[in-house]
Amino acid sequence: MSQPMTDSLLIELFTEELPPKALSRLGEAFAQGLFDGLGARDLLEAGAAVTPFATPRRLAALVTGVRRTAPDREQREKVLPLTVALDANGAPTAPLAKKLAALAKLVGVAEIDWQTLERASDGKADAFFYRYTAKGATLADGLQAALDDTLGKLPIPKLMSYQRPDGTTVHFVRPAHSLIALYGAEIVPVSVLGLPASNLTQGHRFLSQGVIEIPHAGEYAGLLESRGRVVASYADRRERIRSALLKEAGADQVVMPESLLDEVNSLVEWPVVYPCHFEEAFLAVPQECLILTMQTNQKYFALTDAAGHLRNRFLIVSNLATDTPQSIISGNERVVRPRLADAKFFFDQDRKKTLASRVPQLGNVVYHNKIGSQLDRVQRLQQIAGHIADAMNAAGAPVDKAAAMRGAELAKADLLTDMVGEFPELQGTMGTYYARHDDEAEDVALACSEHYRPRFAGDALPEGNVSTAVALADKLETLVGIWGIGLQPTGEKDPFALRRHALGILRMLIEKPLAVSIDTLLGLTAQAFAGIATVKPAGEAISDFLYDRVRGYLKDKGYTTNEVEAVVSLRPQSLHDILARMEAVRTFAALPEAEALAAANKRITNILKKTDEAIGTVDRALFQEAAEGALFDAIEQVRPGVEAAFAGGDFTAALRDLAQLRDAVDRFFNDVMVMADDAKLRANRLALLATLHGLANRVADISKLAA
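Per an unreviewed UniProt entry, the chain goes by Glycine--tRNA ligase beta subunit and derives from Cupriavidus pauculus. Under Subcellular location (unreviewed entry), UniProt gives the following word-for-word description of the chain: "Cytoplasm". In its Sequence similarities (unreviewed entry) section, the UniProt record describing the chain reads: "Belongs to the class-II aminoacyl-tRNA synthetase family."

A. Summary view of the domain arrangement of the chain. The domain architecture assigned to the chain consists of domain 1 (6–70 + 139–227), domain 2 (73–134), domain 3 (234–351), domain 4 (373–410 + 446–558) and domain 5 (578–705). Between domain 3 and domain 5, the C-alpha centre-to-centre distance is 66 Å.

B. Focus on the environment of Asn319. With respect to the secondary-structure elements, Asn319 resides in the loop between strand 18 (310–318) and helix 9 (326–350). Between the alpha carbons of Asn319 and Met675 there is a distance of 84 Å; along the sequence they are 356 residues apart. The residues contacting Asn319, other than those within four sequence positions of it, are His204, Leu207, Leu267, Val268, Glu269 and Trp270.

C. Examining the sheet that holds strand 17 (residues 301–304) more closely. What the four strands build is an open sheet, ordered 15-17-18-16; its pairing is antiparallel. Each edge of the open sheet carries a strand with a single partner, namely strand 15 (253–254) and strand 16 (272–277). The sheet contact formed by strand 16 and strand 18 spans six bridges and is antiparallel. For His277, the partnering residue across the bridge sits in strand 18 and is Arg313. Strand contacts of helix 9: strand 16 and strand 18, with the helix running at about 55 degrees to strand 16, the strand carrying the most contacts.

D. Up close: the pairing of strand 9 (residues 176–183). Here strand 9 lies mainly inside the structure; seven of its eight residues are buried. Of the strand pairs in this sheet, strand 1 (residues 6–15) and strand 9 are connected by seven bridges, and their pairing is antiparallel. Across the sheet, Phe14 pairs through a bridge with Ser178, a residue of strand 9. Judged from the two bridges that link them, strand 9 and strand 12 (residues 195–198) form a sheet pairing that is parallel. Note on strand 12: the bridge partner recorded for Leu179 is Ala197. Of the pairings in the sheet, the one linking strand 9 to strand 10 (residues 186–187) comprises two bridges and is antiparallel in character.

E. Quick look at the side chain of Ser8. Relative to the assigned elements, Ser8 resides in strand 1. Residue classification places Ser8 among the buried positions, given a relative accessible area of 16%. Once residues within four sequence positions are removed from consideration, Ser8 is found in contact with Leu62, Val63, Thr64, Leu182, Tyr183, Gly184 and Ala217.

F. Looking closely at the nonpolar core. Met294, Ile388, Met419 and Leu554 are the most contacted members of the largest nonpolar core, which totals 145 residues. If one sorts the elements of this core by residue count, helix 16 (residues 465–484) sits on top with 11 residues. Each residue touching Met294, except ones within four places of it in the same chain, is listed here: Phe278, Lys299, Tyr300, Ala302, Leu310, Phe314, Val336 and Leu340. Core analysis: the next-biggest nonpolar cluster, separate from the first, contains 41 residues, Leu18, Ala61, Val192 and Leu193 among them.

G. Quick look at the pattern of salt bridges. Tallied over the entire structure, the rule returns 49 salt bridges. Here Arg499 makes a salt bridge to Asp494, at a shortest N to O gap of 3.8 Å. Under the relative-accessibility criterion, Arg499 is labelled partly exposed at 28%. Given the relative accessible area of 19%, Asp494 is considered buried. Through salt bridges with shared partners, a single ionic network connects Arg238, Glu239, Arg242, Glu258 and Asp262.

H. Quick peek at the UniProt feature "domain: DALR anticodon binding" (unreviewed entry) in the chain. Under the feature "domain: DALR anticodon binding" (unreviewed entry), the UniProt entry names residues 599–691. Along residues 599–691, the helical share is 70% and the strand share 0%, with 17 Å between the first and last C-alpha atoms.

I. Main features of the packing of helix 11 (residues 374–394) against helix 16. Running from N to C, helix 11 and helix 16 cross one another at 125 degrees; their axes reach a closest spacing of 8 Å. Here helix 11 lies oblique to helix 16, going by the angle between them. For the pair helix 11 and helix 16, the sense of crossing is right-handed. On helix 16, the residues that touch Arg377, Arg380, Leu381, Ile384, Ala385, Ile388 and Met392 of helix 11 are Asn465, Thr468, Ala469, Leu472, Ala473, Asp474, Leu476, Glu477 and Thr478. Its residues assigned to classes, the contact of helix 11 with helix 16 shows nine nonpolar, three polar and four charged.

J. The arrangement of the packing of helix 18 (residues 518–528) against helix 19 (residues 539–556) in detail. Put simply, helix 18 and helix 19 touch, their axes get as near as 11 Å, and they point 135 degrees apart. Between helix 18 and helix 19, the angle is such that the two are oblique. The element helix 18 and its partner helix 19 pack so that their crossing is right-handed. Between helix 18 and helix 19, the residues in contact are Ile518, Asp519 and Leu522 and Gly539, Ile542, Ser543, Leu546 and Tyr547, respectively. Of the residues that constitute the contact of helix 18 with helix 19, the class distribution is five nonpolar, two polar and one charged.

K. Molecular detail of the side chain of Ser703. Secondary-structure assignment places Ser703 in the segment after helix 26 (679–696). Exposure remark for Ser703: the relative accessible area of 8% places this residue in the buried category. The residues touching Ser703, leaving out its near neighbours within four places in the chain, are Ala598, Asn601, Lys602 and Thr605.

L. Quick peek at the environment of Pro592. Examined against the element boundaries, Pro592 turns out to sit in the loop between helix 21 (578–589) and helix 22 (594–610). The exposure class assigned to Pro592 is exposed, which follows from its relative accessible area of 63%. A C-alpha to C-alpha distance of 8.8 Å links Pro592 and Ala659, two positions 67 residues apart in sequence.

M. Representation of the environment of Pro325 within the structure. Here Pro325 lies in the loop between strand 18 and helix 9. Taking the C-alpha atoms as reference, Pro325 lies 35 Å from Pro157; in sequence the two are 168 residues apart.

Rules used throughout
Residues numbered from 1 in each chain as written. Predicted model: local features only at pLDDT ≥ 70, side-chain atom pairs only at ≥ 80, totals over all residues. Heavy atoms only, no water. UniProt positions renumbered as here; feature names shortened; annotations may be inferred. Domains from an automatic or database assignment. Helix = DSSP H or I, 4+ residues; strand = E, 2+ residues; numbered from the N terminus. Contact = heavy atoms within 4.5 Å. Pairing = 2+ DSSP bridges. Axes fitted to C-alpha atoms, helices over the stretch in contact; angles between N-to-C directions. Buried < 20%, exposed > 50% of the residue type's maximum accessible area, 1.4 Å probe, protein only. Core = buried A, V, L, I, M, F, W, Y, C linked by side-chain atoms within 4.5 Å. Salt bridge = Lys/Arg side-chain N within 4 Å of Asp/Glu carboxyl O. Parallel < 35°, antiparallel > 145°, perpendicular 65-115°, else oblique. Left-handed = near helix turned anticlockwise from the far one by under 90°. Nonpolar A, V, L, I, M, F, W, Y, C, P; charged D, E, K, R; others polar.

Next comes the structure, spelled out in structure tokens:
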């Protein structure tokens, strides 16, 4: 019976418990590395695919469409340039003989006759080439190489060393105990980490007994599940956990961050969900504290009601299935109780001191050695927040200035509380709870937590104007201060998250929206650093940085590079209407007149850039060509509508009115010589173009739309 030319290949490395936070990446890298390694050695058919498996005690991959032997390949090897291979008489040189002997050994022939070599140019000079048929790699050889490469490149967080029974030292993420290398039903003779391949594995540590034989690669996942009580697929096991949590929750909502789901999934092979409870008295503690305690310390899933209020019921994911889970449930309830008691203790202790009384102690906390303590920073935040409140009030966004300055004063005080010391993730959140306990105004209390927003891409913005003023102050102070001491982002390095702070500032200005000038904000912030010699002025560089972030923000919204440049190149000081400008540009670009007007505007821009002459006012008496008067009249005709639309924020109407100028502009450039020899005539025509340019570019620089 002939052997099949292709079959499925199973590789499994069985180990001690792998690091849970790295398991997903390890599993994907193991499977993809093997797949790529086999493909690089031409051992995969077209349509081959890989399925990754990863459990706490194994990394595995099933590859379909694997060849038994790679096909032979025609090779063409450059030997030597003719000037090196032959002497002056055309006889072979010693270097050629040496090179041919090495090639003969490589391809497995006794010798190579130099007269059979191909003569051809290598692109620079004539050379000898040798053509031969290279035998395809066997699966055993190709798999061994792919395994070695893959294990050497795994994203292992920390290597450990251990000894095999024979005394040899091995370096790997965790001790490995067995290796499966199964091609269909055949064991492939490979080895790694001192382990020879077999078709044997083990199931669940407690729910399975004895060694499990895998008769065929394709039966791996099914046999592990039925006999070994192991769900081998990381993705399938994760979804089982998610479904079981939702089912057990019933009408309640599961607090299920993806990171926690991943970590729990990496701890169990046969997930089973059980419900547990804690005493209702603990619900007096802020629910964020209880939820974080359960998630961080115990890997539990909290439950809330439909309104988002925490229940005194939680869910655990166990690695044990039993008909009598009472001991598992009671054990976990017993374990969580002291954790919740600690949270209650911290909460009770913290409330014995007001936030305001903690502020002076911030002087003992270093913010940065070049710009002082957290108290120094808070004083700057107060100053900046007050100025921003003034600017927002002037822009029609009413803010209680005193509340904004009080919010800035208290914003960092919770850093000194026991709860935040235990759970840094709760900074801001606890500030709001403690401010309310201290009977601070609600908008001041909310500013303690909301001034951190947005914390990440897509996060909510601060809601109230007081919170917004403090949030802007916080991000601007960080941006200007850290940049000013020379720690601006470089490449991928951004230790102070200045890109995130910049985007947060822009989102507030654009999405709130706030008609406050960027230069105003940077100037107000710079004033707070006056007298600090270590902070160097960097307003222009920071402004450039912000506009680059605006470009990225708008491109993420789906606008093209040309559309973005048309607006951002004007560096609009207020960003509150930038999305309206973008939509107007997009609408204008779709008009039939847009391309010609954009090209004409580009031409006008270049003409005006090249002239050193002062641009005056247009004198109609100096017109010599009919096209000059026609363009002037057309400008004057559309000007009122354009200016009224611009003033009213109807940028689409403003650009649409400009489209009426196309014929007059085309005629002008066809009939008029702008750079006339007569100085007065030339200056008048430049003034006419400058008038058109200024009107056309009020919304956007439409020349940027030109191809």
